[in-house]
Each structure stands twice: as C-alpha cells, then as structure tokens.
Amino acid sequence: MKTKVLVTGAKGQLGSEIQKISGSFPEIDFYFTDVEELDITDPWKVADYLILNKPQFLVNCAAYTAVDKAETDLETATLLNATAVGILAEQAADIGCKIIHVSTDYVFNGRGPRPYREDDRVDPRSVYGSTKLEGEVLCMKNNPEYMIIRTSWLYSAFGTNFVKTMVRLGGEKTELGVIADQIGSPTNAADLADAILTIISSVISAEKQFVPGIYHYSNEGVASWYDFTKAIFDIAKINCLVKPIASEDYPSPVQRPAYSVMNKSKIKLNFGLQIPHWRDSLTEYFQKRNNDMATNQEVLENVKLRAAEWLTDVYDEATKAEVRRMLSNEDPTELIDSFYRDLEFGTGGLRGIMGAGINRMNIYTVGAATQGLSNYLKKEFAGLPEIKVAICYDCRNNSRLFSETSADIFSANGIKVFLFEDLRPTPELSFAIRELGCQSGIILTASHNPKEYNGYKAYWDDGSQIVSPHDENIIDEVLKVKAIDIKFKGDKSLITILGADMDNLFLEKVKSVSISPEVVQRQKDLKIVYTPIHGTGVRMIPAALRAFGFANIINVPEQDVVSGDFPTVVSPNPEETAALSMAIAKAVEVDADVVLASDPDADRIGVAVKNDKGEFVILNGNQTALVFIFYIISKRRESNKLLGNEFIVKTIVTTELIAKIAERNNVDFYDVFTGFKYIAEVIRDLEGKKVYIGGGEESFGFMPADFVRDKDAVSSCALMAEIVAWAKDQGKSLYEMLLDIYLKYGYSREKMKYVVRKGKTGAEEIQQMMVNFRTNPPKELGGSKLKIVKDYETLIAKNLLSREETKIDQKTTSNVLQFFTEDGTKISVRPSGTEPKIKFYFEVAGEFTKRADYDTVEKLADEKIEAIMQELDL
Ligand SMILES: NC(=O)C1=CN([C@@H]2O[C@H](COP(=O)(O)OP(=O)(O)OC[C@H]3O[C@@H](n4cnc5c(N)ncnc54)[C@H](OP(=O)(O)O)[C@@H]3O)[C@@H](O)[C@H]2O)C=CC1
Ligand SMILES: Cc1cn([C@H]2C[C@H](O)[C@@H](COP(=O)(O)OP(=O)(O)O[C@H]3O[C@@H](C)C(=O)[C@@H](O)[C@H]3O)O2)c(=O)[nH]c1=O
C-alpha cells in the first residue's frame, strides 16, 4: 500500500515544485490541495478531509508570504501562518499523521554573527516573521510528530519571486539599485521540494528515522540581494547595470534581516542530504527554463496547426468553440495537452481525459475508434449475414453520450446494435455479448481513474477483451480513420435497447455461482455493507446478493448516488482505504460482518473485514483471490463437486499459494500473463474439454464463472458474501479463515512497487534496467540464493543451481522477468506497456505456525521485502 502524503498550498512555489517531481516518488500517493480544495483556515473542512483521506504525512506549503502587505493585514497573516497551522498540526496528530511544516529565516532578527542554528534565539522583526514563529510554536505544541523546515529566499518557475521580478525589471530598465547589506542564501524551491520528498521517502523505507524537530534548509553559499541579482543577470544574459545600495536607500514597510544565513548541518547529517550551491542551482534553473521555452515554441507551432484542423466544418459548433477558446488562451498549456499527440488506441482500447482535441476523449476520438472497429468487423465477419455488437456504459460523465454516438456509428455501418438502456456493469456486457451471439462489444468506462477520465474497452465474440491478432489489426484500422470518414448518422432500425430482460438472465447465471445455498440460508442475516462508490454496481450487486439469499444488505446512501463526479471520494478505487472509508464507518456503526465495494464499472472488488483487534482492514488483491480459490476448491471437494476435470487460472505475478492449493487438491492450474483476457484465452482453448471453476489476479479482480469472460465484481461480491457466511457458519470471521489458509498452506506476503522514469531518457533507463537484470541477475535476495530465473521474453526458465534450462509454456512472449530464491521469494519485474513505469511484484514466504504470531510474521515479511528493495536499489 502506498503512503499517503497530503500537500497543502500546492499551487504556490514550493507546492508546485513538489507536484512537478511527485512522479519520481511512486511509493507515495499524493493528495495535492490548495485553498479551493482545502482551505486550511477552515477547521471543519480540515477535519473532514483528514478523516476521509487519512494521510500519513502532511506537508504544509500554504502561507501568507506577502511580507510588506502583512504589516497591515495582521489578522489574515495570523490566521493563515499561525492559527491554521495549529489546527492542521492538531488534527493531523489526531489521526496519527506526521506534519512537515515550512517556515522562514525571518523568525530571526538578522543580527547573528554566524549562520543561525536551529536552537538559536528567535526574534522576528516583521508581522510575517512573528506570525510564522507563532505557527512554529503551535505546530510543535499540537503534534509531537512534527518537522519544521526553515528556509530562505525561495524562487521557482512557479508564482512570483525575486528572480522573476529581477528578470522583468532587468528587461525594462537599464540600471537597477539593489540592496547589498542584507545577506542570506537564495534557495531554488525545486531543491527544497526534492529534499522534503527524499526525507519522506527515506522514512517510508525505514532507511531514516523521522526525528521531530526544527531543521534549516537553504542552498549552500551566501549572497546579498545585490550579488544574487548580478548572478541572475549574468546567467540570463540580461543587459542591465546593477548598483549596490544600502537598506535605507530602499524604503519599504519591512526592513528585511541584515543577516539570515542558516546552518544546515542538522538536516544534512540526519537525512544524508547533499545540498547544491545557490549559484549552481540558479544556473540549472535558467537552463531548464530555456530548454522548456525552446521546446514549447516548437511544440506550440505544431499544436496550433493540428488545432486549426478542428475549426473546419467536419466538427460541431461546440467543439469548434472549445478549440477557439483554447487557441485564444494566453496560457497554452491546455492547448498543448489537448493536441500534442493522438490519444492512443492501444490493446486495452482508449483511455484519457475528456475534452476537445486529438489527445482527449470526445465524440471524434471515440468515433474514430468505433469506425475503425466497424471496418475491421466487416472484414473479419464478411461471411456472416448479420454482424452484431453490444454496448454498455458506466456512470462517468459523457459515458452515455459516447455510447449513443458509438451505437449510431455501428448502425450507420450496417451493424446491428444492442445498447443498454442505462448504465450497467462491465461483466454484464461480457455476458450479453455471449448471450446474444455478438461478434464484438464495447463499454465506455475508465474503471477507477479520476473523474476527468473516460475510456473505451473493446470485446470479442467470446465476451473477452480483444487479444492478438485482433488487437493489433483493430489498432491499424483505427489509425486509418480520419474525422471525415466517421459515419455519425445512425440507423435507428438497427438499434435494440437492452434492459430488465437481460438483467434477469444475467442474475439467473450469477445465482448459479453459489456453491452452498444452504449456508446462505442459515446465514441470510449476515450483515453486509456494500458500496458501489457512485458506480454501476448499484444496479446489479445488491440484486445479486439478494438473489443468493442474503437479506441484510446495508447501503451507504451517499455513495449509492450515481455520479461521474464521485463526490464523496478522491479516487473511486476500491483498493484504497480512502474510497472505502464511508463504508467502513457504516460497518463500524452497524457492526457488520463484511464490507464489499466495487469500482465504477463493477469489474473490480474491494473487501474489508474485521481483524483480531476488531478493526476493519482491506484485503489485498492476492488475499481476495486466495480466499476465493480456497473456498471454491474446498467447498467443491466437501460437496463432491470435484470430478477431476476442473481447472483454475491465475496470472504469473499473483501469489503462488493459489498454485499450492490447486496442486494439493489435484486441480489443474494455469499461469498466464497479467490481464483477464489471458484467463479468458485459456478458457477458450479448453472449451468443452475441461471445466473452469475460478481465476483471478492481484489487481483486485476475480472471475468466478465462465459465463462472463472478464473481471466480475457482481458474481464476486455475491460469492464473497457466501464465503463470509461459510466462515461464520463455522464460528469464524473471514479474517480468521484467511489465517487458517496461511496456517494450512503456508504464509506469503506480497507487495508491488513501481518506479517511474519519464520521457525518452526514462524509457531508455527502464530498458537498461531490464537488460541489466537479464545479463546480471542478483546472486542472492533477502539472504537466500537465487535459484530460478524465468525470462518470458525468451520463454526459458534457468535453474542457476543445476544449470538446467526448461521451456516456459506460454503462447506468446512478454517482457517479464521472474526471480525465485531457495527460500521461496518470488520477484517479478515488468515494464508497464502504457505508462513510463517499471513494476516490481514481491512475494516472500514466512514461518507462520501460530495465530498469535501473525503480526510478527507480517512485520518480518515486510522487513524482508524492504531489505530486498534496498538490495535492488529501489
Ligand atoms: N517565498 C519565500 O521566499 C519563502 C517562503 N518560505 C515559506 O515556505 C513556504 C512556501 O512558500 P511559497 O511556496 O513561496 O508560498 P506561496 O505564497 O507561493 O504559496 C502559498 C500557497 O498557499 C495558498 N493558500 C493561501 N491561503 C490558503 C488557505 N487558506 N488554504 C490553503 N492554501 C492557501 C496560496 O494560494 P493563493 O496564492 O491563492 O493565496 C498559495 O498557493 C511558506 O511556508 C513560506 O512561509 C520560507 C522562506 C522563503
Ligand atoms: C525589487 C527590489 C528589491 N530589493 C530588495 C528589497 C528586499 O530587501 C529584497 C528582497 O525583496 P523581496 O520583496 O523579493 O523579498 P521578500 O519578499 O522579503 O523575500 C522574503 O520572502 C519571505 C516569504 C521569506 O520567507 C524570506 O525568506 C524572503 O525570501 O530585495 C531591492 O533592493 N531592489 C529592488 O529593485
């Protein structure tokens, strides 16, 4: 699970720099807020936000920084720099969240004879300085887990600051007087941002300790404002004469400290930081700025040309108006983002932010996808008298518009369309494709992405997402389509609306997933809290639970509201505690047996259960899959429903315990590449020969039956409730049952970590990492010898001890490497196909023989994973 870090004042200089580098800290889940999202002076909003999102760290970058203005605005400066800090610190402490608060050199009087140390006497000489000091005091008092980082003379590419003012004045004037008797250390906010995140990261990895206290951080070196200006003009090649002046020659409401150099030994020592000299950092600042400007100019010209094409009559008026607005906006960011590349139709379909432009989800990009798919279907199924597709959509904004547009386009191409009357879960689409004998189907959904996104997934005639060779072929067709080629004018006679009839057929099938109806009957009052997190699950999952026989389904009314804005959550992702927090609160209130959740398109499932301390904890994806497989096999065995021709499927990065359960029970099992389309492929290959009884992967997805050929949260929620009922029937909780599984089959702990490397150089770095792992695999991991290396690119498994090589049984190759050690550790490495990431999946075994040892065993396993991560330099 990632560590959650809340950043307040995130649109200021420092906050923006933190945002800019946040991608390099994949272990952190960032929550960026500024006054619109979280006004830190509002105690109620702060309390709600913290309780809902439960960050582990809070970095406060919000402040009143207008030094002169503060002199006549004591009230606001105090509220923001002092009172609000006290509130943040206190409320953070209430939820066990550490606070890193940023303060200033202006807390000193500026008469120091040597660089200020953290414990030197404070004596602010301005309202800004004294309110910041008050904030420090309240922060320390209200949260024992605090770090105060005092910095000085910040500048950055964002916001207004001394560097930007000087560049502007230098361009306007031929001569400038700048104070030479005030000495300090200019600080590039990018360096401070990096220092803060490095500190947090090293605390997360337990490499360093969070030692509460005050710390000083600025760039190395000393300068007067005059020296600083000279350097700015020098580096930026600005032709303006700088003259040194005295403080009294530059009258202002606040006389700035004469000397505010700070001693930084403490922060350097405690966290091993290397701090750049201010002059080097300033040079780098201008280099970056120049590079950005040059690239931006080139990109901008190109983007403007592409945007101009969207002003022709092929596009509707609303779209044209939107493009005109972007073109006339002084800030070109939105225009660039919307037009700098084509939104890619990949093997998983489309996914992107909604809006006008070639890199956005809109009726033209969706239209091109549908037109391309139509062209391919007509070639591929030319021999059929009729081609049929099913269309489904989720709760997202525009999902309905995009599905209706697609229905028109398919029908305009002579294809028969079955369109759901209203939102429905992804698994129901998969079912409907099979039930209606369609050749293809699409769903408009962006799964659990943020609300700005939408997406388009394409399915084949077996109800599975498209696989090779159709995926590449469809991509080729889509790439050929131009806006003018899209046939938007639908043929309504070819469009049939699907509704309750299909729902009933689907529910009948879902009901057949139940293995122990008698247990459900006995435990029909099981208290189940269920949340659809504003998505499609609300349509079918409570109905599925009732169809199984459960009668006590407790909802979270606020989250039953269907909405593409996901108003009660930051991210509608059922694997995140924040998304489940309302459901868990409800579960605590009613003392529920289980919390179930589904993501917006109801393909993925979240499960929370009470642990031995009575707290609700979320099962990870491996645990969920493990529980399902354990139950399915055990229960089938118990009721003589294992006939010998059954099989299960998991993905290669999913826990090996599942394989163990299958092996010990003589059930065939297959290991496939990540993605349910590969699980579906195995089912297709074994159709009529063997019986599929379940399959899943670590990504919180499970597929209990083959009438759906994708992740299915509808059947999964109902079956998970049955499992909880089964455990309860034996006087156990699901948590206890999970521990039983570990006791019987062995304990393993899993974790995933990804490393982000952006841009062209990042992609090269990721490739290089894979090359290094291939040519020079680690000899030992976590104190145990490496035994087997599986390379899915060559499909060869090497036993390093016996030197034996065996072939891996997979239909295609994939850029994945796996390391297995003698003591049962498995590490899988694979670059993401769609994002600038390389993913590492860890699984370590543990010695677990007594329930009472569980916490210790888990802790040891976590430590082992951390140690391996360090060995791999992650
Ligand atoms: N700038 C400097 O030279 C130095 C700054 N510092 C300290 O470093 C920290 C970061 O400074 P810097 O990035 O320059 O500050 P900025 O002024 O650039 O950013 C502060 C941010 O806080 C936001 N904000 C204002 N009111 C609220 C509110 N009620 N709730 C939430 N956010 C709010 C501001 O929004 P809006 O702009 O809309 O008001 C702004 O985006 C501060 O603590 C500052 O005191 C220390 C030494 C030097
Ligand atoms: C524009 C200008 C400023 N100056 C002087 C005035 C002042 O003493 C000094 C810096 O001016 P500024 O107003 O940019 O600096 P100021 O806003 O005081 O900067 C401070 O901001 C707060 C938030 C902090 O915490 C401090 O560390 C410090 O960075 O430069 C000149 O001498 N000539 C000029 O033309």
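Residues numbered from 1 in each chain as written. Chains lettered and ligands numbered in written order. Predicted model: local features only at pLDDT ≥ 70, side-chain atom pairs only at ≥ 80, totals over all residues. Heavy atoms only, no water.

- Going by what an unreviewed UniProt entry lists, the chain is known as dTDP-4-dehydrorhamnose reductase and is assigned to Aquipluma nitroreducens.
- Under Cofactor (unreviewed entry), UniProt gives the following word-for-word description of the chain: "Mg(2+)".
- Under the heading Catalytic activity (unreviewed entry), UniProt records this for the chain: "dTDP-beta-L-rhamnose + NADP(+) = dTDP-4-dehydro-beta-L-rhamnose + NADPH + H(+)". (UniProt positions renumbered as here; feature names shortened; annotations may be inferred.)

**Topic: the sheet that holds strand β18 (residues 495-498)**
Thought 1: With respect to topology, six strands assemble into an open sheet ordered β13-β17-β16-β14-β15-β18, the strand pairing being mixed. In this open sheet, the two edge strands, each paired with only one partner strand, are β13 (350-353) and β18. Taken pair by pair, the neighbouring strands of this sheet meet at an average axis angle of 15°, ignoring direction.
Thought 2: Sheet topology note: the strand β14 (residues 388-393)/strand β16 (residues 440-444) ladder contains five bridges and is parallel. Bridge assignment links Val389 to a residue of β16, and that residue is Ser440.
Thought 3: In this fold helix α13 (residues 363-380) packs onto β13, β14, β16 and β17 (453-459), with an angle of close to 5° to the strand it touches most, β17.
Thought 4: Together, β14, β15 (416-420), β16, β17 and β18 form the strand contacts of helix α15 (residues 426-435), whose direction differs from that of β16 by roughly 165°. (Pairing = 2+ DSSP bridges. Helix = DSSP H or I, 4+ residues; strand = E, 2+ residues; numbered from the N terminus. Axes fitted to C-alpha atoms, helices over the stretch in contact; angles between N-to-C directions. Contact = heavy atoms within 4.5 Å.)

**Details of the site of ligand 2**
Thought 1: Taken together, 18 residues form the shell around ligand 2, and within it Thr104, Asp105, Tyr128, Gln182 and Arg256 come nearest.
Thought 2: For ligand 2, an oxygen atom lies 2.6 Å from a polar atom in the side chain of Arg256.
Thought 3: Starting from 720 Å² of accessible surface for ligand 2 in isolation, the protein chains cover 83%.
Thought 4: Elements supplying a minimum of two residues to the shell around ligand 2: α6 (162-172) and β7 (175-179).
Thought 5: Here the element with the most residues in the shell around ligand 2 is β7; it accounts for three residues.
Thought 6: Among the residues making up the shell around ligand 2, the classes are represented as 11 nonpolar, five polar and two charged. (Near = heavy atom within 4 Å. Polar contact = N/O pair within 3.5 Å; in protein donor to acceptor, adjacent residues only side chain to side chain. Areas by Shrake-Rupley, 256 points an atom, 1.4 Å probe, with all protein chains shown as cover. Nonpolar A, V, L, I, M, F, W, Y, C, P; charged D, E, K, R; others polar.)

**Focus: the environment of Lys826**
Thought 1: Of note, Lys826 is situated in strand β34 (residues 826-831).
Thought 2: In the structure, Lys826 is positioned 76 residues away from Glu750 in sequence and 9.3 Å away in space, judged by C-alpha atoms.
Thought 3: Not counting chain neighbours up to four residues away, the residues in contact with Lys826 comprise Lys650, Ile652, Val653, Thr654, Glu656, Gln818, Phe819, Phe820, Tyr841, Phe842 and Glu843.
Thought 4: Among the polar contacts listed, one links the side chain of Lys826 to the backbone oxygen of Ile652, at a separation of 2.7 Å.
Thought 5: Side-chain polar atoms of Lys826 contact the side chain of Glu656, separated by 2.6 Å.

**Looking at the packing of helix α23 (residues 657-664) against helix α26 (residues 734-745)**
Packed helices, taken two at a time, are described by the angle their axes make and the gap between the axes.
Thought 1: It is the contact of α23 with α26, at a shortest axis distance of 11 Å, that shows an interaxial angle of 70°. In terms of axis orientation, α23 runs roughly perpendicular to α26. Classified by chirality, the crossing of α26 by α23 is left-handed. Residues Leu657, Lys660, Ile661 and Arg664 of α23 pack against Ile741, Tyr742, Lys744 and Tyr745 of α26.
Thought 2: Along the lines of polarity and charge, the residues of the contact of α23 with α26 split into five nonpolar, no polar and three charged. (Parallel < 35°, antiparallel > 145°, perpendicular 65-115°, else oblique. Left-handed = near helix turned anticlockwise from the far one by under 90°.)

**With respect to the pattern of salt bridges**
Thought 1: Enumeration according to the criterion identifies 58 salt bridges in this entry.
Thought 2: When the shortest N-O distance is used, the salt bridge between Arg396 and Asp394 registers 3.6 Å. Across this residue pair, the class does not change: Arg396 and Asp394 are buried.
Thought 3: The salt bridge involving Glu843 is made with Lys826; its shortest N-O contact spans 3.8 Å. Residue Glu843 is located in strand β35 (residues 837-846), and its partner Lys826 is located in strand β34; the two are separated by 17 residues in the primary sequence.
Thought 4: A residue is classified by how much of its surface remains accessible, and Lys826, at 2% relative accessible area, is buried.
Thought 5: Residues joined in a network through salt bridges with shared partners are Lys650, Glu656, Asp671, Lys826 and Glu843. (Salt bridge = Lys/Arg side-chain N within 4 Å of Asp/Glu carboxyl O. Buried < 20%, exposed > 50% of the residue type's maximum accessible area, 1.4 Å probe, protein only.)

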